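Understanding the architecture of this molecule
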Amino acid sequence: AQLTLLDRLDLPRSFGEALGSADLYPLEALGITVLQINVGKRCNQTCRHCHVDAGPDRTEVMSDDVVDQVLRVLEETDIPTLDITGGAPELHPRFREMVVRARELGRKVMDRCNLTILLTKPFQDLPEFLARNQVEIVASLPHFSEKQTDVQRGDGVFQQSLEALRRLNE
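Now for a look at the structure at hand.

Structural notes on the packing of aromatic side chains
In this description, an aromatic ring pair is defined by two values, namely the gap between the centres and the angle between the planes. Counted under the stated rule, the structure contains zero aromatic pairs. Directly above the ring of F129 sits R96, whose terminal nitrogen or CZ lies 5.0 Å from the centroid.

So, in structure tokens, the structure goes:
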């Protein structure tokens, strides 16, 4: 349906023609540089804008079988980066194992962290764990204002996120 809609548009040239003029036709992958995995919908926050509808009441997590397959893929390939996302990926029971195993294989590891998870009791040692394993943290706030962030992510999230950033910077 999308291709049909695009075909109806009066464009100066097709995507294939544009690729050809840039000597990129046919478009081919040069390899896989990032293995991004979504380890589940469990999260300590309930964000209005969450694209996966994650939250504290969600129980879906990546199964042990799939985790084992992911680790096997890393062992059998030269994919340089493991990017771990989810609800709050740190809530996956095997998060730390995945980080350690990937680092032992010489892979870069990225953690898409919501920051506030780092302040919860069972995870207060995560900043040190992530630093020790040289994990790159990808974190965001939906807005630069406290009010707007708290509206989207929950009361107190803005200030908690700043505190988590301070801990990470330490």
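Concerning the packing of helix α3 (residues 64-76) against helix α4 (residues 95-104)
Taken N-terminus to C-terminus, the directions of α3 and α4 make an angle of 10°; their axes are 10 Å apart at the nearest point. Taken together, α3 and α4 sit at an angle that is classed as roughly parallel. Of the residues in α4, those in contact with V67, L71, L74 and E75 of α3 are E97, M98, R101 and A102. Residues of the contact of α3 with α4, tallied by class, amount to five nonpolar, no polar and three charged.

Description of the state of the cysteines
One pass over the structure, following the stated rule, counts zero disulfides. Take C113: it sits in no disulfide, and the sulfur closest to it among the cysteines is that of C43, at 9.6 Å.

Digging into empty space enclosed by the protein
As enumerated under the stated definition, the model contains one cavity of 30 Å³ or more in all. By volume, the largest cavity amounts to about 40 Å³. In terms of lining, the largest cavity is formed by V39, G40, R42, V61, G87, A88, P89, L91 and H92.

A few points about the pairing of strand β3 (residues 108-112)
Pairing of strand β2 (residues 81-85) with β3 involves four bridges; the strand directions are parallel. In the strand pairing of β3, I84 is matched with D111. As a crossover connection, the stretch from β2 through α4 into β3 is right-handed. Taken together, the three bridges between β3 and strand β4 (residues 136-138) define a ladder with parallel strand orientation. Paired with M110 across the strands is E136, a residue of β4.

Points about a nonpolar patch on the surface
On the surface, L3, L6, L9 and L11 cluster together into a nonpolar patch covering about 410 Å² of accessible area. Within the secondary structure, L11 is located in the loop between α1 (2-8) and α2 (15-21).

Some details on the nonpolar core
I37, L82, I84 and L118 are the most contacted members of the largest nonpolar core, which totals 26 residues. Listed by contribution, the elements that provide at least two residues to this core are β1 (34-38), α3, β2, α4 and α5 (126-132).

Digging into the side chain of Q45
Within the secondary structure layout, Q45 lies in the loop between β1 and α3. Among the polar contacts listed, one links the side chain of Q45 to the side chain of T116, at a separation of 2.7 Å. In contact with Q45, not counting residues within four places along its chain, are A54, G55, P56, N114, T116, R153 and V157.

Overview of the layout of surface pockets
Put simply, the largest pocket is a space of about 400 Å³. A class-by-class count of the residues in the lining of the largest pocket yields eight nonpolar, eight polar and two charged.

Things to note about the sheet that holds β1
Pairing is parallel in the open sheet, where four strands are placed in the order β1-β2-β3-β4. This sheet does not close on itself; its edge strands, each paired only once, are β1 and β4. Recorded for the sheet is a direction-independent mean angle of 20° between the axes of neighbouring strands.

Basis of the calculations
- Along each chain, the written sequence defines residue order, and numbers are assigned to residues from 1.
- Where totals are concerned, whole chains, interfaces and linings use all residues; where local detail is concerned, this predicted model gives features only for residues with pLDDT of at least 70, and gives and counts side-chain atom pairs only at 80 or more.
- Remark: hydrogens and water are excluded; side-chain values derive from all non-hydrogen atoms of the structure.
- Aromatic contacts are taken between Phe, Tyr and Trp rings whose centres are within 6.5 Å, Trp giving its six-membered ring; a plane angle under 30 degrees counts as stacked, one over 60 as edge-to-face, and the others as tilted.
- In this scheme, Lys NZ or Arg CZ marks a charge over a ring once it lies within 6 Å of the ring centre and within 35 degrees of the ring normal.
- Axis lines are fitted to C-alpha atoms, over the contacting stretch for helices. Their N-to-C directions set the angle, which ranges from 0 to 180 degrees.
- Starting at the N terminus, helices and strands are each numbered in turn, a helix being any DSSP run of H or I of at least four residues and a strand any DSSP run of E of at least two.
- Reported orientations rely on four angle classes, namely roughly parallel under 35 degrees, roughly antiparallel over 145, roughly perpendicular from 65 to 115, and oblique for the rest.
- Throughout, a residue-residue contact means that at least one pair of heavy atoms, one from each residue, lies within 4.5 Å.
- Gly counts as polar in this scheme, as do all residues outside two lists: the nonpolar Ala, Val, Leu, Ile, Met, Phe, Trp, Tyr, Cys and Pro, and the charged Asp, Glu, Lys and Arg.
- Disulfide assignment relies on a single distance test, namely cysteine sulfur atoms paired within 2.5 Å.
- Only protein atoms enter the 1 Å grid used here. Points where a 1.4 Å probe fits but cannot escape make up a cavity, open sets with protein on both sides within 12 Å along at least five of seven lines make up a pocket, and a residue lines them when an atom lies within 4 Å of a point.
- Grid points are joined across faces, edges and corners, and a volume is the space filled by probe spheres set on the points.
- One requirement defines pairing of two strands: DSSP has to find at least two bridges between them.
- Looking down the strands as they point away from you, a crossover is right-handed if its path from the first strand over the helix to the second goes clockwise.
- Like-charged residues are merged into a patch within 9 Å and nonpolar side chains (Val, Leu, Ile, Met, Phe, Trp, Tyr) within 5 Å, provided each residue has over 30% relative accessible area and no salt bridge.
- Accessible surface area values rest on a Shrake-Rupley calculation with a 1.4 Å probe, where residue burial reflects the displayed protein chains alone.
- Throughout this description, the term salt bridge denotes a Lys or Arg side-chain nitrogen within 4 Å of a carboxyl oxygen of Asp or Glu.
- Grouping buried Ala, Val, Leu, Ile, Met, Phe, Trp, Tyr and Cys residues that are joined through side-chain atoms within 4.5 Å yields what is termed a nonpolar core.
- Each residue is placed in one exposure class: buried if its accessible area under a 1.4 Å probe, protein chains only, is under 20% of its type's maximum, exposed if it is over 50%, and partly exposed if it falls in between.
- Pairing of N or O atoms within 3.5 Å defines a polar contact, subject to two protein rules: one partner must be a possible hydrogen donor and the other a possible acceptor, and residues neighboring in sequence count only if both atoms are side-chain atoms.

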